[in-house]
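Summary of the model geometry
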Amino acid sequence: MWNRLKRLHHLNGCATLFLFISGILLFIPSLRGPLASYRVMLKDAHIWIGFATVVFLLLYFRYFAFHYKVIKKQQGKKRNLAMVIGLIIGWIISGTALTFQRSLSEDLVQASLIVHDVFTWIGLPVILFHSVTRSVWFRKRSDQLQEKKKELYTFSRRGFFKYGIVTLLAIFLGPSIYKWLKQVMDDGGSTLEQVALNSTNELTPLPIPATQSSPPIGGGYEGKFRVYTVTETPVFTNENWNFTIDGLVDEPVSLSWEEFAKLKRTVQVSDFHCVIGWSVLHVTYEGILLKDLMKKVKLKENASHLKFYSGDGVYTDSLSLEQAALDDVMVAVLMDGELIPSDYGGPVRLIVPKMYAYKSVKWLIGIEAIDHVHEGYWQVRGYDTDAWVGSETT
């Protein structure tokens with residue numbers, strides 16, 4: 001029975017190690033571009049291995065009574081066991097909620113994302129410590145040092161944790177933890193104005209916000225933006241920014257920033273949903289409704305979709321004409337009364353509130369009318385073409 005328990009323990013350890021590595025790779029924003037071609041496969045593997053830990057946990061409970069009897073008089077091991085089981089259960093519940101997020105409420109999904117992240121950064125050092133201190137090498141080394149009594153302090157597990165693990169974590173995980181905490185605790189700055197100060201765009205004149213935008217009728221957005229890109233953030237000036245509408249149209253349109261800034265704008269309050277589970281609520285956007293913008297050109301009869309181009313020169317996506325005609329699909333210029341910062345996709349980005357944010361193309365500079373479904377940057381890498389939030393379909 002003890003050998004079976006050890007094999008199960010090793011299997012679960014391998015699964016947990018894979019989940020740590022894959023989860024961190026999926027999380028780090030700077031890796032979204034380099035790993036784009038493997039991201040969906042990695043995400044699916046992360047989910048399936050996560051479900052495997054459910055099986056391992058259920059199998060473990062068959063041996064729980066035996067295991068508990070062995071460690072009954074060892075308080076440290078009992079505390080450690082409770083902590084590890086608690087972490088695994090927390091990961092399983094929050095991970096399951098994130099997997100089936102389309103069927104759950106926003107509040108529950110947001111809470112699950114926070115729990116999953118927090119448990120990961122707490123569990124990483126705990127399980128690393130647990131694994132190292134129970135390795136054969138560590139135990140032999142500890143026994144040798146205690147026998148020779150040459151160490152300056154007893155090379156106990158507590159001593160190893162204090163002087164070894166903490167140092168390693170500070171060196172290797174400190175920067176990543178800092179970046180994660182910064183993303184979770186703020187939105188790139190304490191206010192939108194501070195985020196805008198870091199914007200690399202230099203465009204004039206700045207659009208004058210409508211009275212509904214400043215102060216924002218949405219009351220100020222609620223939530224934390226996490227900044228993801230697949231390329232370096234482009235820099236725009238009056239000289240290099242140009243907006244075009246072409247393709248299957250009778251007369252293509254090309255607008256400079258000065259011309260674009262003079263277009264009549266409307267204001268709406270929308271929620272912003274990322275496919276990985278986080279949301280920013282009640283954002284006040286000001287811009288041109290896409291259906292109104294497309295009135296500037298006459299579409300040819302064979303046009304069926306609109307293809308959107310990002311100013312990074314890489315990212316694209318598309319909507320059907322029916323989707324593009326929805327009342328809240330907007331080519332946005334301002335958010336909460338401020339010019340959209342470059343990190344958030346400014347100076348102009350597409351906003352499709354009823355779809356996940358990867359459809360809301362950042363740094364929008366062009367629209368092409370086409371006669372077919374275009375698979376965008378993430379669609380060719382496994383994401384849904386119709387990225388409806390929840391169960392809505394069209």
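See above for the structure.
Presented here is an overview of the structure given in this document. Here the structure is a predicted model, which is why all the values come from computation and not from measurement.

**Let's talk about the nonpolar core**
Judged by nonpolar contacts, the single largest core of 48 residues is most densely connected at Phe243, Phe260, Leu290, Phe308, Leu319 and Leu350. Elements with a minimum of two residues in this core: α2 (36-60), β2 (242-247), β3 (253-256), α10 (257-261), α11 (290-293), β6 (305-310), β8 (330-335) and β11 (364-370). Among all residues touching Leu350, those that are not within four sequence positions of it are Leu290, Phe308, Leu319, Val329, Met330, Val331, Lys359, Ser360, Val361 and Leu364. Phe272, Trp278, Leu289 and Ala357 belong to the second-largest nonpolar core, a separate cluster that totals 22 residues.

**What to know about helix α1 (residues 2-27)**
Look at α1: 37 Å from first C-alpha to last across 26 residues, which is about the 38 Å you get at 1.5 Å a residue. Buried within α1 are the following residues: Leu5, Leu8, Asn12, Ala15, Thr16, Leu19, Phe20, Ser22, Ile24, Leu26 and Phe27.

**Things to note about the sheet that holds β2**
On the basis of which strands lie adjacent, the open sheet formed by five strands has the order β3-β2-β11-β6-β7 and mixed pairing. Across the chains shown, the open sheet's two edge strands, defined by having one partner strand only, are β3 and β7 (316-320). Within the sheet, the average angular offset between the axes of one strand and its neighbour, ignoring direction, is 15°. Strand direction decides the pairing type here: β2 and β3, joined by four bridges, are antiparallel. By the bridge assignment for β3, Asn242 is matched with Ser256.

**A short note on the pattern of salt bridges**
A complete count under the given rule lists seven salt bridges for this structure. Here Asp250 makes a salt bridge to Lys300, at a shortest N to O gap of 3.3 Å. Linking Asp250 in the loop between β2 and β3 with Lys300 in the loop between α11 and β6, this pair joins segments that are 50 residues apart in sequence. In this structure, Lys291 and Asp327 form a salt bridge, with 2.5 Å as the shortest nitrogen-oxygen distance.

**Quick word on the packing of aromatic side chains**
In this description, a pair of aromatic rings is defined by centroid distance and the angle of the planes. Enumeration over the complete set of coordinates arrives at 21 aromatic pairs. Between Phe225 and Trp278, the ring centres sit 6.3 Å apart and the planes meet at 80°, which makes this aromatic pair edge-to-face. Pair noted here: Phe225 is in the loop between β1 (222-223) and β2 and Trp278 is in the loop between β4 (266-273) and β5 (279-289), with a separation of 53 residues, a long-range link. There is no split in this pair, since Phe225 and Trp278 are both buried. For the pair Trp241 and Phe260, a centre-to-centre distance of 5.3 Å together with 70° between the ring planes defines the contact as edge-to-face. Here the residue Trp241 occupies a position in the loop between β1 and β2, and Phe260 occupies one in helix α10, the gap between them amounting to 19 residues.

**As for the environment of Ser270**
With respect to the helices and strands, the residue Ser270 is situated in strand β4. Classification of Ser270 by relative accessible area gives buried; the value is 6%. The sequence separation of Ser270 and Tyr221 amounts to 49 residues, and the corresponding C-alpha distance is 9.3 Å. Of note is the side chain of Ser270, whose polar atom sits 2.9 Å from the side chain of Gln268.

Analysis parameters
- Residues numbered from 1 in each chain as written.
- Predicted model: local features only at pLDDT ≥ 70, side-chain atom pairs only at ≥ 80, totals over all residues.
- Heavy atoms only, no water.
- Core = buried A, V, L, I, M, F, W, Y, C linked by side-chain atoms within 4.5 Å.
- Buried < 20%, exposed > 50% of the residue type's maximum accessible area, 1.4 Å probe, protein only.
- Helix = DSSP H or I, 4+ residues; strand = E, 2+ residues; numbered from the N terminus.
- Contact = heavy atoms within 4.5 Å.
- Expected span 1.5 Å × (residues − 1).
- Pairing = 2+ DSSP bridges.
- Axes fitted to C-alpha atoms, helices over the stretch in contact; angles between N-to-C directions.
- Salt bridge = Lys/Arg side-chain N within 4 Å of Asp/Glu carboxyl O.
- Phe/Tyr/Trp six-rings, centres within 6.5 Å; stacked < 30°, edge-to-face > 60°.
- Polar contact = N/O pair within 3.5 Å; in protein donor to acceptor, adjacent residues only side chain to side chain.

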